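Chain residues, written in single-letter form:
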Amino acid sequence: MKALVALILLVQLPVHKAVPAAPPAPLGCDDPESEAAAEVAVSYINGHSHHGYKFALNRIENIRVLPQGLNNDIIFLELDLLETTCHILSPTPLANCTVRSFTQHAVEGDCDVKLQKRDGKLSVLASKCHSHADSSEDVLQLCPDCPLLASLNNTEVLTTVTAALNDHNSKTPDAYLKLLEIGRAKIQHHPVRIVSVEFAVAATNCSAEEAKANVEACQLLPDNQSNFGFCTATMVTHPSQDLGVDCQLYGHQVPTPDTPFLSQDTSAGLVPSVVQGFTNHNLRLSHNNPVASESSSSEFPTSMLSAKSVAKRAVAKVAQHDKVPRPVGFVPPPPPPPPCPGKIRHFKI
């Protein structure tokens, strides 16, 4: 009888079921983990770009994390970048590079990056980028007198670059420099006509004096002796002509993720016609990491988490709570900020 009573009491005891752990909160665009991933992504993008300028992070537009198992996540990032004043060959660390101002006719980069975070270590699996200059209308609206970007193969631009390089080579006994690529060009029309150019150069195996005898024999230095540089020049063409040139050589450098090496096979001696009709070098990067531990497929999710939908859900949630009777004088808390997009670090184009 005692055994029967004990059994009945046991059956009547409440059963405590295991409560499944709540899924982790979605990662916000301004969370430290997101910013760390973005930093790795931007370094990778600059390290695999071979033309134009280094880009800096302006905003994390979106982030999505797909767990793959214990201590193993795949991260998808959408990034807005802005062009800096540092050429891609410059050894200057990105942290010391100045983002071009809006009135300098800024260039924005849009990138999708796929990363893996395994045991706390981040690595880039693939990236896709393209860039575009801000519209002329936007620049002129804020600064009506600011010169706009000119086509890199504009006749006046090519004339100014040629004159500037010849001027520099004629005034220095050092190595004869050859043009690698034109980076930027602007033409000011009023009150005087000024052509401003920026271009990358490389030292050859000739001195300036030797080049006068046979410039065709001058070849770029081999990788173990390479010496790249960057020149800026302005030419006043009206009402009178005046040329100002400044060239800085970087010296031989060993390539690092932040200072990529411009291979002679792909980029050295780049002719302006390659960028015919364009006002800036499109970032146009599509790269898969061949040494990534995970499959380096560049596929990105077709539907990234929409920041607008997150904001709408947050507002709807607060509105739903507001239907509940509240005490007199009760002030509801503000809606939580949407996790994405993140803060703008410089300015929005």
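Residues numbered from 1 in each chain as written. Predicted model: local features only at pLDDT ≥ 70, side-chain atom pairs only at ≥ 80, totals over all residues. Heavy atoms only, no water.

By the naming in an unreviewed UniProt entry, the protein goes by FETUA protein and is assigned to Sagittarius serpentarius. In the Subcellular location (unreviewed entry) part of its UniProt record, the protein is described as follows: "Secreted". (UniProt positions renumbered as here; feature names shortened; annotations may be inferred.)

Q: Looking at this model, I keep getting lost on the nonpolar core. Mind explaining?
A: Grouped burial of nonpolar side chains is what soluble globular proteins tend to show. Among the nonpolar cores identified, the biggest contains 27 residues, and Ile-45, Leu-77, Leu-79, Leu-81, Cys-111 and Val-113 are the most heavily contacted of them. Counting residues per element, the ones that place at least two in this core are α2 (32-47), β1 (53-69), β2 (72-87), β3 (107-118) and β4 (121-133). The biggest single contributor to this core is α2, with six residues. Contact partners of Leu-81, with chain neighbours within four places excluded, come to Val-42, Ile-45, Phe-55, Ala-56, Leu-57, Asn-58, Val-107, Glu-108, Gly-109 and Cys-111. Val-161, Leu-165, Ile-187 and Val-201 belong to the second largest nonpolar core, which has 19 residues in total. (Core = buried A, V, L, I, M, F, W, Y, C linked by side-chain atoms within 4.5 Å. Buried < 20%, exposed > 50% of the residue type's maximum accessible area, 1.4 Å probe, protein only. Helix = DSSP H or I, 4+ residues; strand = E, 2+ residues; numbered from the N terminus. Contact = heavy atoms within 4.5 Å.)

Q: Is there a simple way to think about the pattern of salt bridges in this case?
A: It is possible for side chains bearing opposite charge to pair when their charged atoms get close. All chains considered together, the criterion is met by nine salt bridges. In this structure, Lys-212 and Glu-209 form a salt bridge, with 3.7 Å as the shortest nitrogen-oxygen distance. Of this pair, Lys-212 and Glu-209 both sit in helix α5 (residues 208-213), separated by three residues, roughly a single helical turn. Bridged by salt links that share partners, the residues Glu-83, Arg-100, Arg-184 and Glu-198 form one connected network. (Salt bridge = Lys/Arg side-chain N within 4 Å of Asp/Glu carboxyl O.)

Q: Any chance you could explain the environment of Thr-160 here in plain terms?
A: If you trace the backbone, Thr-160 turns up in helix α4 (residues 155-171). Owing to a relative accessible area of 1%, Thr-160 belongs among the buried residues under this scheme. Counting along the chain gives 74 residues from Thr-160 to Thr-234, while the straight-line C-alpha distance between them is 7.5 Å. For Thr-160, the residues in contact, after removing those within four places along its chain, are Val-195, Val-197 and Met-235.

Q: Hey, could you run me through the state of the cysteines in this one?
A: Two cysteines whose sulfur atoms are joined by a covalent bond form what is called a disulfide. Summed over all chains, the structure comprises six disulfides. Through a disulfide, Cys-143 is tied to Cys-146; the S-S separation comes to 1.9 Å. Handedness of the Cys-143-Cys-146 disulfide follows from its S-S torsion of about 75°: it is right-handed. Accessibility classification places Cys-143 together with Cys-146 in one group, the buried group. Two residues, Cys-206 and Cys-218, share a disulfide whose sulfurs are 2.3 Å apart. Every disulfide takes its handedness from the sign of the S-S torsion; for Cys-206 and Cys-218 that torsion is -105°, giving left-handed. Of this pair, Cys-206 sits in strand β7 (residues 193-207) while Cys-218 sits in the loop between α5 and β8 (228-238), and the two are 12 residues apart along the sequence. There is no split in this pair, since Cys-206 and Cys-218 are both buried. (Disulfide = S-S within 2.5 Å.)

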